[in-house]
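Examining the three-dimensional arrangement
Here is what each chain is made of, one letter per residue.
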Amino acid sequence: MSVEVDGIWPGAVTLRQGWSVAESRPWNDTISWAHLRIVRGGSTFLDGCVAALADLGAQGVLSPPLPPAARRVWEEADFIPHASLRVLRRDLGRVPAPDHLVVPGSFADVREALRIDALAFAEFWRFDGAAMAEALRATPRSVIHVIRGHDRSMVGYAITGVGVAVAFLQRIAVEPDHRGMGFGRSLLRASARWAQQAGAGSLLLNTQADNDAAIGLYVSEGFDVLGTGLDVLRRWPCSATHRS
């Protein structure tokens, strides 16, 4: 049974094969690989998804960041590690006040946030509009915090979401020309204070495993590095092996 595709690539598509379901979109607007998320299904279905995405023009397939317990089905489908992330957590006890004025933003700020994101991150890690929208709707409640310069232009932003009792720092970025001024620290504190007021008991985030500067900032603000990290897995070039 072939995998059915619902949607028009390079937009978001849903892939189905019997009971199995997955969702995919381009990784971002500069990387022509597919970001694939399995809703339900096994390694044989993953093979079919890889083949279907190759037919649509994807140059490779990338998983979401996965903990060790969730990697088995991907590894059975010949996915291998591509990038590693460290996970950090802070219990939300006393949170210092930001040293700069940090205010809640709005959807009107998304375009400017995307501009900063493109400057702040390497090509592979950049958000496009789809990734930004996913970050904002990943939890029942979310907020975008912004810092503005003297000319009122945005110099940094953060996206924070709250689930039940745990909050997630989904994104934080500062314009490169404004680094070293404490803006990232202020955004981090504003995010933690908002999460605390929203009822969360802890704040989780992840960052690239080799991003020593960011990890150092988070640790200095009371975050602990957890022993279990996350891996983005890849399979490329797109060539399915179709298990029977």
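Just so we're clear, the structure is a prediction, and the values are computed from it rather than from any experiment. (Residues numbered from 1 in each chain as written. Predicted model: local features only at pLDDT ≥ 70, side-chain atom pairs only at ≥ 80, totals over all residues. Heavy atoms only, no water.)

What follows concerns the nonpolar core. If you look at the biggest cluster of nonpolar residues, it comprises 29 residues, and the most contacted ones within it are Leu-188 and Tyr-218. Counting only elements with at least two residues in this core, the list comes to β8 (141-148), β9 (154-162), β10 (166-174), α5 (183-197), β11 (202-208) and α6 (212-220). The biggest single contributor to this core is α5, with seven residues. Those residues in contact with Leu-188 that sit more than four places away from it in its chain are Leu-169, Ile-172, Leu-205, Leu-217, Tyr-218, Glu-221 and Phe-223. Of all hydrophobic cores here, the second largest spans 27 residues; its members include Leu-85, Met-132, Val-146 and Ala-173. (Core = buried A, V, L, I, M, F, W, Y, C linked by side-chain atoms within 4.5 Å. Buried < 20%, exposed > 50% of the residue type's maximum accessible area, 1.4 Å probe, protein only. Helix = DSSP H or I, 4+ residues; strand = E, 2+ residues; numbered from the N terminus. Contact = heavy atoms within 4.5 Å.)

Before going further, it helps to spend a moment on the environment of Val-95. Residue placement: Val-95 occurs in the loop between β6 (80-91) and β7 (103-104). With a relative accessible area of 9%, Val-95 lands in the buried category. Along the sequence, Val-95 and Gln-196 sit 101 residues apart, while their C-alpha atoms lie 8.7 Å from each other. With near-sequence residues (within four places) excluded, Val-95 lies in contact with Arg-90, Arg-189, Ala-192, Arg-193 and Gln-196.

Okay, the environment of Pro-176 next. Mapped onto the elements of the fold, Pro-176 is located in the loop between β10 and α5. For Pro-176, a relative accessible area of 32% translates into the label partly exposed. As a C-alpha pair, Pro-176 and Arg-126 span 50 residues in sequence and 14 Å in three-dimensional space. Once you skip the residues sitting within four places of it in the chain, Pro-176 turns out to touch Leu-119 and Ala-120.

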